[in-house]
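# Structure assessment
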Amino acid sequence: MDALLGLLCVALGSAITVAGLFFFLRRGWRQLAVAEAYHTVARRLGLPADTRGLSLHGHLGEQRIWVGQVMVGHGPERTMVCWGVLDHERPLGLGLLLRRRGLSERLWRRARAPDVRLLDEELDRVLEAQGDEPHLVQALLDDEVRGQLLRILRKWRDLVVTDDAVRVSLRQPLASSEELQALVDDLRGLSAALTASRTAVAPPSALTDTVDQWTTLAERTTLTLLPAYPAAAGAVDGRRVGMWPVRTSTGFAADLTVVFRPHRSNGLQVLPQHGPDGYWSVGQDIQVGDPQFDSRFVIKGYDPEAVRELLGPDAREHLLALSAEGTLEVDDVRLRVSGVRLDPSTLEGLLQRALAAAAAMGW
């Protein structure tokens, strides 16, 4: 009996060891598969490869994308989640929030706008919708947008759509390049449908009286008026530019974007020093030797010396002036100033500053 018990103990110990080894190897294999999926899809899309194998990130045209793990929350509520996030090409400016019903409030906090019925039985059953003006949100969700929403909701765990981005929550990082590519395609499809639909929707009531001011701004800056927002966009000196109204917690502000001319990638990131070093930001901080500039921004890039040369005295002067008017972010693709006062004369001056900064950087 004692011998049998001893044999069982040995067998049990061996089984536990084998099981532990199996799960360890399986976890290691999955991490390698995830990294390979990120690398494969990044190469296919022309995105920078994440040498750490932790994310798929970069710009698809003018849209930022991130697929990977990110820490959210604060203090004891901090938790690791896996997201796929794609910025819209343009902010929608409608105070929009669409999300799957039951999604934790802990992971998504914002002031509540009026609830919106989506006029589609299946979507109303699975999605919670809010927007400043329900009739504008209903107009935004045309047949193409509704079709894209249903496609994503049937495939992915959780969905959040705002004025700024489309986000899907994942149970775990995707280990298949085909599945990862499908996610990217779905994010792009929905964002493109929303952007296209937005051009046929009326401006928010709060901005209706500003169309004439935007018309004057577009004429003075040789840009094209987009009356649906209203906004102004086009090209100046070979650089694509746009000025857009954005919905904030206190009303409307403006965003200004300048897309740089084609150039060699530097991995550049210039972000507010006081802001959270979030999932868009990777790499070590670079000091350029200008105390005022270094104290204002987190600066990152592949080659510190090349970044210091890029951010010369003239460029730093313009960037500091822009940062005094709103939140400044610069990367390899674009310069963006957000939260600017919604005033045409202010925007015209900021556009000239932004173009001067791009010229000083040689981009």
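Remember, it's a predicted structure, so these values are computed and weren't measured experimentally.

### Quick notes on the packing of helix H6 (residues 211–220) against helix H10 (residues 344–361)
The contact between H6 and H10 brings their axes to 10 Å, and the two run at 25°. By the angle between their axes, H6 is roughly parallel relative to H10. Two packed elements cross with a definite hand, and for H6 against H10 that hand is right-handed. From H6, Gln213, Trp214, Leu217 and Arg220 reach across to H10, where they touch Pro344, Leu347 and Glu348. Across the contact of H6 with H10, the residue classes tally to four nonpolar, one polar and two charged.

### Looking at the packing of aromatic side chains
One pair of aromatic rings is described through two measures. These are the centre distance and the angle between the planes. Applying the stated rule across the entire model yields three aromatic pairs. With a centroid separation of 5.1 Å and an interplanar angle of 70°, the aromatic rings of Phe260 and Trp363 are classed as edge-to-face. One end of the pair, Phe260, is in the loop between strand E11 (251–259) and strand E12 (269–272); the other, Trp363, is in the segment after H10, and 103 residues separate them in sequence. Ring plane angle 50° and centroid distance 4.7 Å describe the contact between Phe293 and Phe297, whose orientation is recorded as tilted. The buried category is assigned to Phe293, whose relative accessible area is 0%. Above the face of the Trp83 ring, Arg167 is positioned so that its terminal group lies 4.2 Å from the ring centre. One cation-aromatic arrangement involves Arg198 over Tyr229; the distance from NZ or CZ to the ring centre is 4.7 Å.

### Considering the side chain of Thr346
With respect to the element layout, Thr346 can be found in helix H10. A polar contact of 3.0 Å, which involves the side chain of Thr346, links it to the side chain of Arg341. Ignoring anything within four residues of it in the chain, the contact list for Thr346 reads Glu325, Val340 and Arg341.

### Describing the sheet that holds E11
The antiparallel open sheet is built from eight strands, whose spatial order is E8-E9-E10-E11-E15-E14-E12-E13. Only two strands of the sheet have a single partner each, and these edge strands are strand E8 (224–226) and strand E13 (297–300). Averaged over all adjacent pairs, the angle separating strand axes in this sheet is 15°, with direction ignored. In terms of strand pairing, strand E10 (residues 239–248) meets E11 through nine bridges, oriented antiparallel. The partner of Thr248 across the bridge, within E11, is Gly251.

### Concerning the packing of helix H9 (residues 313–323) against H10
With their axes 8 Å apart at the nearest point, H9 and H10 run at an angle of 155° to one another. Looking at the two axes, H9 sits roughly antiparallel to H10. Between H9 and H10 the crossing geometry is left-handed. Note on element contacts: H10 touches H9 through Leu350, Arg353, Ala354, Ala356, Ala357, Ala360 and Met361, opposite Asp314, Ala315, Glu317, His318, Leu319, Ala321 and Leu322. A per-class count over the contact of H9 with H10 returns 10 nonpolar, one polar and three charged.

### As for the pattern of salt bridges
For the coordinates displayed, the defined rule picks out 15 salt bridges. Residue Asp143 is joined to Arg146 by a salt bridge in which the shortest nitrogen-to-oxygen separation is 2.3 Å. Remark: Arg146 and Asp143 occur in helix H4 (residues 143–155); sequence separation between them is three residues, near one turn of the helix. A relative accessible area of 21% means that Arg146 is categorised as partly exposed. Residues Asp290 and Arg316 are paired through a salt bridge, measuring 2.9 Å at the closest nitrogen-oxygen approach.

### A closer look at H10
Along its 18 residues, H10 runs 26 Å from first to last C-alpha, staying within 8% of the 26 Å computed at 1.5 Å per residue. Every buried residue of H10 is accounted for by Pro344, Thr346, Leu347, Glu348, Leu350, Leu351, Ala354, Leu355, Ala357, Ala358 and Met361. Gly362 sits one or two positions beyond H10 and adopts a positive phi of about 80°.

### Section: the environment of Leu60
Mapped onto the secondary structure, Leu60 falls in strand E1 (residues 55–60). Not counting residues up to four positions away in its chain, the partners in contact with Leu60 are Leu45, Leu47, Ile65, Leu86, Val184 and Arg188.

Quick notes on the rules
- Residues numbered from 1 in each chain as written.
- Predicted model: local features only at pLDDT ≥ 70, side-chain atom pairs only at ≥ 80, totals over all residues.
- Heavy atoms only, no water.
- Axes fitted to C-alpha atoms, helices over the stretch in contact; angles between N-to-C directions.
- Helix = DSSP H or I, 4+ residues; strand = E, 2+ residues; numbered from the N terminus.
- Parallel < 35°, antiparallel > 145°, perpendicular 65-115°, else oblique.
- Left-handed = near helix turned anticlockwise from the far one by under 90°.
- Contact = heavy atoms within 4.5 Å.
- Nonpolar A, V, L, I, M, F, W, Y, C, P; charged D, E, K, R; others polar.
- Phe/Tyr/Trp six-rings, centres within 6.5 Å; stacked < 30°, edge-to-face > 60°.
- Buried < 20%, exposed > 50% of the residue type's maximum accessible area, 1.4 Å probe, protein only.
- Lys NZ or Arg CZ within 6 Å of the ring centre and 35° of its normal.
- Polar contact = N/O pair within 3.5 Å; in protein donor to acceptor, adjacent residues only side chain to side chain.
- Pairing = 2+ DSSP bridges.
- Salt bridge = Lys/Arg side-chain N within 4 Å of Asp/Glu carboxyl O.
- Expected span 1.5 Å × (residues − 1).

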